[in-house]
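Analysis of the macromolecular model
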Amino acid sequence: RLDEAEELNRAAQAAGATLMVCHTERFYAPNLWLSERIHGGSLRPLHLHRDWHFFRRTNVGWTGRERSWVDDILWHHGGHAVDTAIWLFREEPQTARALYGPRAGPDQVPLDLSAQLGFPGGGLASLVLSYNAMVDAVTTRTVLICEEDTFTFLGGVLTNHSGEGVAEEEQMLAVPRQNREFVDSVAEGRTPRT
């Protein structure tokens with residue numbers, strides 16, 4: 001919840017402690033590649049499409065163990081998708097809306113989500129997430145339509161409209177890069193990137 005996050009931030013500031021939010025997707029090499037070009041002005045994003053499909057009808061995480069907290073598609077994986085869109089468009093959305101599917105499972109939480117963001121510069125983000133998708137493995141596909149090209153991030157590879165690979169990485173490698181950012185920010189006495 002926002003009030004709890006703000007309270008945590010105040011406590012960290014009062015204690016002189018470093019606080020970092022784990023926006024893991026900001027540390028994926030393909031997302032970094034896109035962000036650098038958007039920030040540098042060579043790409044102008046128009047529309048981000050994000051499909052994220054799991055089969056997770058129980059409260060068990062990727063470790064295979066039951067979570068000590070109840071997973072929520074919007075506040076967990078949806079939060080990653082929303083953050084990535086805001087980060088790539090480099091502005092806060094002026095419009096945000098979402099629809100949940102029906103509550104289901106033992107925890108009676110929604111397992112499906114459709115969300116849309118509209119940005120002041122005209123950009124759009126369309127996010128579709130499901131814990132009901134009967135797939136063998138997590139399936140994530142991101143398409144970023146830019147004025148200059150269209151990029152698809154699937155299976156750890158970012159390709160352009162011609163199908164040429166422009167950046168690639170196993171997604172789990174972003175976690176140690178994210179962790180290194182936190183450790184380095186503490187050691188260097190600076191604010192972390194996220």
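The rules behind the values
Residues numbered from 1 in each chain as written. Predicted model: local features only at pLDDT ≥ 70, side-chain atom pairs only at ≥ 80, totals over all residues. Heavy atoms only, no water. Helix = DSSP H or I, 4+ residues; strand = E, 2+ residues; numbered from the N terminus. Rg over C-alpha atoms; globule rule 2.2 N^0.38 Å. Contact = heavy atoms within 4.5 Å. 1 Å grid on protein atoms, 1.4 Å probe; cavity = no way out; pocket = protein on both sides within 12 Å on 5 of 7 lines; lining within 4 Å. Points joined across faces, edges and corners; volume = space filled by probe spheres on them. Nonpolar A, V, L, I, M, F, W, Y, C, P; charged D, E, K, R; others polar. Pairing = 2+ DSSP bridges. Axes fitted to C-alpha atoms, helices over the stretch in contact; angles between N-to-C directions. Parallel < 35°, antiparallel > 145°, perpendicular 65-115°, else oblique. Patch = residues over 30% accessible without salt bridge, like charges linked within 9 Å, V, L, I, M, F, W, Y side chains within 5 Å. Areas by Shrake-Rupley, 256 points an atom, 1.4 Å probe, with all protein chains shown as cover. Salt bridge = Lys/Arg side-chain N within 4 Å of Asp/Glu carboxyl O. Expected span 1.5 Å × (residues − 1). Buried < 20%, exposed > 50% of the residue type's maximum accessible area, 1.4 Å probe, protein only.

A short note on the overall build of the protein chain
Tallying secondary structure elements over the protein chain gives four helices and ten strands in all. What you see for the protein chain is a C-alpha radius of gyration of 18 Å, in line with the 16 Å of a compact globule of 194 residues. Projected onto the principal axes, the alpha-carbon positions of the protein chain cover approximately 45 × 45 × 35 Å. Taking as baseline every contact in the protein chain between residues at least 6 positions apart, the subset at least 24 positions apart corresponds to 63%.

Topic: the layout of surface pockets
Looking at the largest pocket, its volume works out to about 990 Å³. Along the walls of the largest pocket sit 24 residues, with Arg1, Ala5, Val21, His23 and Trp75 positioned nearest its centre. Among the secondary structure elements, those contributing two or more residues to the lining of the largest pocket are helix 1 (2-15) and helix 3 (74-89). With eight residues, the single largest contributor to the lining of the largest pocket is helix 1. For the lining of the largest pocket, a count of residues per class yields eleven nonpolar, seven polar and six charged.

Points about empty space enclosed by the protein
One pass over the full model with this rule turns up three cavities of 30 Å³ or more. Approximately 100 Å³ is the volume attributed to the largest cavity. Around the largest cavity, the lining is made up of 13 residues, and of these Thr58, Asn59, Asp107, Val109 and Leu111 lie nearest the centre. Considered class by class, the residues forming the lining of the largest cavity number six nonpolar, three polar and four charged. Taken together, Glu25, Tyr28, Asn31, Arg50, Thr84, Thr140, Thr142, Phe153 and Gln171 form the lining of the second largest cavity. Residues belonging to the lining of the second largest cavity are distributed by class as follows: two nonpolar, five polar and two charged.

Quick word on the pairing of strand 7 (residues 139-146)
As paired strands, strand 1 (residues 45-53) and strand 7 are joined by eight bridges and run antiparallel to one another. By the bridge assignment for strand 7, proline 45 is matched with cysteine 146. With five bridges joining them, strand 7 and strand 8 (residues 150-154) adopt antiparallel strand pairing. Residue pairing in the sheet places valine 143 in a bridge with threonine 152 of strand 8. Connecting strand 7 to the antiparallel partner strand 8 that follows it, the hairpin turn spans three residues.

Some points on the packing of helix 2 (residues 29-40) against helix 3
The N-to-C vectors of helix 2 and helix 3 enclose an angle of 30°; their axes lie 9 Å apart at closest approach. Between helix 2 and helix 3, the angle is such that the two are roughly parallel. For the pair helix 2 and helix 3, the contacting residues are Asn31, Leu32, Leu34, Ser35 and Ile38 in the first and Thr84, Trp87 and Leu88 in the second. Residues of the contact of helix 2 with helix 3, tallied by class, amount to five nonpolar, three polar and no charged.

Focus: a nonpolar patch on the surface
A cluster of nonpolar side chains, contributed by Phe182, Val183 and Val186, occupies part of the molecular surface with about 230 Å² of accessible area. The topology assignment puts valine 186 in helix 4 (residues 174-188).

Looking at helix 3
Along its 16 residues, helix 3 runs just 20 Å from first to last C-alpha, ending more than 12% under the 22 Å computed at 1.5 Å per residue. The buried fraction of helix 3 is high, at twelve of 16 residues. Those residues of helix 3 not exposed but buried are Leu74, His77, Gly78, His80, Ala81, Asp83, Thr84, Ala85, Ile86, Trp87, Leu88 and Phe89. Buried positions along helix 3 lie against helix 2, strand 1, strand 2 (95-100), strand 5 (112-118), strand 6 (124-130) and strand 7. Just past helix 3, the residue arginine 90 takes up positive phi, approximately 60°.

A closer look at the pattern of salt bridges
Counted under the stated rule, the structure contains nine salt bridges. Residues arginine 177 and glutamate 169 are paired through a salt bridge, measuring 2.6 Å at the closest nitrogen-oxygen approach. Overall, the relative accessible area of 10% leaves glutamate 169 in the buried class. Taken together, the shared-partner salt bridges connect Glu181, Glu188 and Arg190 into one network.

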